[in-house]
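Remarks on the overall topology
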Amino acid sequence: MPSHAQLANAIRFLSIDAVEAARSGHPGMPMGMADVATVLFTRFLKFDAARPDWHDRDRFVLSAGHGSMLLYSLLHLTGVRDVTIDQLRNFRQLGSNTAGHPEYGHTAGVETTTGPLGQGIATAVGMAMAERYQQARFGKGLVDHRTWVIASDGDLMEGISHEAISLAGNQKLSKLIVLWDDNSISIDGDIRLSETGDQIARFKAAGWHTQAVDGHDPAAIEAAMAKAIATNKPSLIACRTRIGFGAPTLEGSAKSHGSPLGPTEIAGAREKLGWPHAPFEIPADILAAWRAAGARGAQASAAWDDRLAAQSGSKRKAFEEAATGTVDPARLRKVVKAHAAAMAQARPALATREASGAALEVLVPAFPAMLGGSADLTGSNNTRTKGMTAFGPKNPKGRYVHYGVREHGMAAAMNGMALHGGVLPYSGTFLVFADYLRPALRLAALMGVRAMHVLTHDSIGLGEDGPTHQPVEQLASLRAIPNLNVYRPCDAVEAAECWELALSTAATPSVLALSRQKLAFLRDDGSKTNRSATGAYVLRAAPKGLPEQVTLLASGSEVEIAVAARDQLAEAGIGARVVSVPCLDLFGAQSAAVQAEVLGPAPVRVAVEAAVQQGWDAILGPRGHFVGMTGFGASAPYQKLYAHFGITAEAVAAAARRELG
């Protein structure tokens, strides 16, 4: 039987060889954490390499994503089919599944995309929360696993780590275990150049169980992991390691962090660690031992299949629907259609944050996987429905998370929930604070996960709180993120339709930008079909008898302004259609024919939105004009602000007349 050192050295040299072949990468961390990873994967991690997507597996998150070859080496050694030796040889090359940083959906066995430091540990918090909620709903027989994280010094320096650690401590996530690569090195050199804090004390103060071990002593590592499993708190194990372990001159040096070691240093490491084998060569007995480790979970995986098959048909269907994130489109359409019809009959003048809340009142009971929350703005975001109770250690069936003022940690946790499965996460904060959560939202878009963000107080329409809270550039900046749908509904029917679309798009995160101020009800037709699905549609045709000369486009709170401008133009004998644009992203994805049909034949187009123009130019055309913001807002009642900044029906109508000449 190969020794622990031989198993760990297999990780080290696959990592060394792949980085050398690519002439780029990070060998130091895999070399330093190979002992910790070996203990975890051979003695503790519940997984089945033949089935890396088995739902009740332990989740392993490499938050220190720069050390990706640690993970790829482990996946290959344990027998994950897609991670072949040729893929390791092609590390960081176009077309390989061994990208420079781990990418979810790109490589079997990669639980989340990491690389931006701090994101992994924060995402793992959401995974642990999802495990707790799903276990409470379906029982330990179907859901009972842990989330393990390898985190670096850099992960713990990032601000998001503070939010994540605090949230995990408050939630008492006892199945979350973080293995800190405590190597005292950053890119710039000795960690003391920039960090002298006591990380163990910080975790302990946040309510974590903490330990410190020699990260190169397998017996000590094993004992620490066993203690971590037994505690009723989230657990930190500080693993004191030497970066670049085994390199004859670069061990313990920042120079081993992010560059190939070079032929001379690699030859010295092979001699020092007793590894005489050629690059990418793993002796048969060592590979067999690793493959046996990868098969350890096969029996547990098969037994889980039997337990799932033994469930009643309805429970099994509910579990599979939740685990895969399936939202029944017929049920969703039925709920939204009935709600929209009720809204059309009542014709309420609501702020769209209120309209969103009304939609959630019917959606949350219909879809038990929906788990809501807010960053300490529950009453403002309208994200908590009447029947919701707070999620927490004493109430794991609760469906509402009080995230506190932790927007970034909240967004990353939502990513973790969506990745884990069993949860359809949504949460709220103010739109201006999208800047706090943007890195996690960008990762959601990159990974293609359904995280739904309710971002209220979406313009100068919030009024007296002033320019610090009035988003101006946020809509444009969010629309610039690929694979993110930014919805801005104009009334209660559009709000329901946007929720339907957000829940329907499993591979795309969503933002619902919602008003603080009340808006006119505009959708008399209800929602027999989801008219928002194309991103834009004709809300009001040009008045009969008038030649159509102008197309007016608007989103959200400015749609009623466009409708009023249409009426003013009609009085002047000018025909104008009004196009509501609840989702500029979706409209941009439509065919040229669909866009032309919606925009119409009019030579002049005027768009109005209480935000900057960026993003509208593509559909304005050569005779287009934009009415909106060109700078920051001000503190005043919102009616006065709209007049002050010239975002009025009169201004829109005047712009149309000017363009017509």
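Here, the structure is the one placed above.
Everything numeric in this text was worked out from a predicted model, so none of it was measured.

**What about the nonpolar core?**
Soluble, globular proteins show a tendency: their nonpolar side chains are buried together. Counting residues in each nonpolar core, the largest one holds 64 residues, and the members touching the most others are Leu 40, Phe 60, Trp 148, Leu 179, Met 225, Ile 237 and Trp 290. Apart from residues lying up to four places away in sequence, Leu 179 is in contact with Met 33, Val 36, Leu 40, Trp 148, Val 149, Ile 150, Ala 151, Met 225, Ile 237 and Cys 239. The next biggest cluster of nonpolar side chains, apart from the first, holds 59 residues, and it includes Leu 236, Tyr 403, Met 414 and Ile 481.

**A few points about the sheet that holds strand E17 (residues 604-608)**
Strands sit in the order E14-E16-E15-E17-E18 across an open sheet of 5 strands; the sheet is mixed. Across the chains shown, the open sheet's two edge strands, defined by having one partner strand only, are strand E14 (537-540) and strand E18 (624-627). For this sheet, the mean angle separating the axes of adjacent strands, direction not counted, is 30 degrees.

**Some points on helix H12 (residues 298-309)**
Along its 12 residues, H12 runs 17 Å from first to last C-alpha, staying within 8% of the 16 Å computed at 1.5 Å per residue. Structurally, H12 contributes buried residues whose contacts are with helix H13 (313-324).

**Brief notes about the packing of aromatic side chains**
Two measures describe an aromatic ring pair: the distance that separates the ring centres and the angle between the ring planes. Counted under the stated rule, the structure contains 13 aromatic pairs. Aromatic pair Tyr 72 and Phe 91: ring centres 6.1 Å apart, planes at 70 degrees, arrangement edge-to-face. Remark: Phe 91 occurs in the loop between helix H4 (85-89) and helix H5 (119-138) and Tyr 72 occurs in helix H3 (residues 68-78); sequence separation between them is 19 residues. Classification of Tyr 72 by relative accessible area gives buried; the value is 0%. Among the aromatic side chains, those forming a connected cluster through ring pairs are Phe 41, Phe 47 and Phe 60.

**Focus: the pattern of salt bridges**
Tallied over the entire structure, the rule returns 28 salt bridges. Residues Glu 20 and Arg 23 are paired through a salt bridge, measuring 2.6 Å at the closest nitrogen-oxygen approach. Under the relative-accessibility criterion, Glu 20 is labelled buried at 17%. When the shortest N-O distance is used, the salt bridge between Glu 251 and Lys 272 registers 3.4 Å. Here Glu 251, found in the loop between strand E7 (235-240) and helix H10 (263-273), pairs with Lys 272, found in helix H10; they are 21 residues apart in sequence, far enough to count as distant. Assessed through its relative accessible area of 48%, Lys 272 is described here as partly exposed.

What counts as what
- Just so you know, the residues in each chain are numbered from 1, in the order the chain's sequence is written.
- Local features are withheld for residues below a pLDDT of 70 in this predicted model, meaning they are given only at 70 or higher, and side-chain atom pairs are given and counted only at 80 or more; totals for whole chains, interfaces and linings count all residues.
- To get the side-chain values, take all heavy atoms of the structure and skip hydrogens and water.
- Nine residue types can take part in a nonpolar core, namely buried Ala, Val, Leu, Ile, Met, Phe, Trp, Tyr and Cys, and a core is a set of them joined through side-chain atoms within 4.5 Å.
- Burial classification: accessible surface area is computed with a 1.4 Å probe over protein chains only, and a residue below 20% of its type maximum counts as buried, one above 50% as exposed, and the rest as partly exposed.
- Residues count as neighbours in contact if any of their non-hydrogen atoms are within 4.5 Å of one another.
- In short, DSSP must find at least two bridges between two strands for them to pair.
- In this description a helix means any DSSP run of H or I spanning at least four residues, a strand means any run of E spanning at least two, and both kinds are numbered starting from the N terminus.
- Lines are fitted to the C-alpha atoms to define the axes, a helix being fitted only along its stretch in contact, and any angle between axes, read from their N-to-C directions, falls within 0 to 180 degrees.
- The span expected for a helix works out to 1.5 Å for each residue beyond the first.
- The aromatic pairing rule takes the rings of Phe, Tyr and Trp, using the six-membered ring of Trp, and pairs them if the centres are within 6.5 Å, calling planes under 30 degrees apart stacked, those over 60 edge-to-face and the rest tilted.
- The rule for a salt bridge is simple: a side-chain nitrogen of Lys or Arg has to be within 4 Å of a carboxyl oxygen of Asp or Glu.

Nothing here speaks to function; it is geometry throughout.
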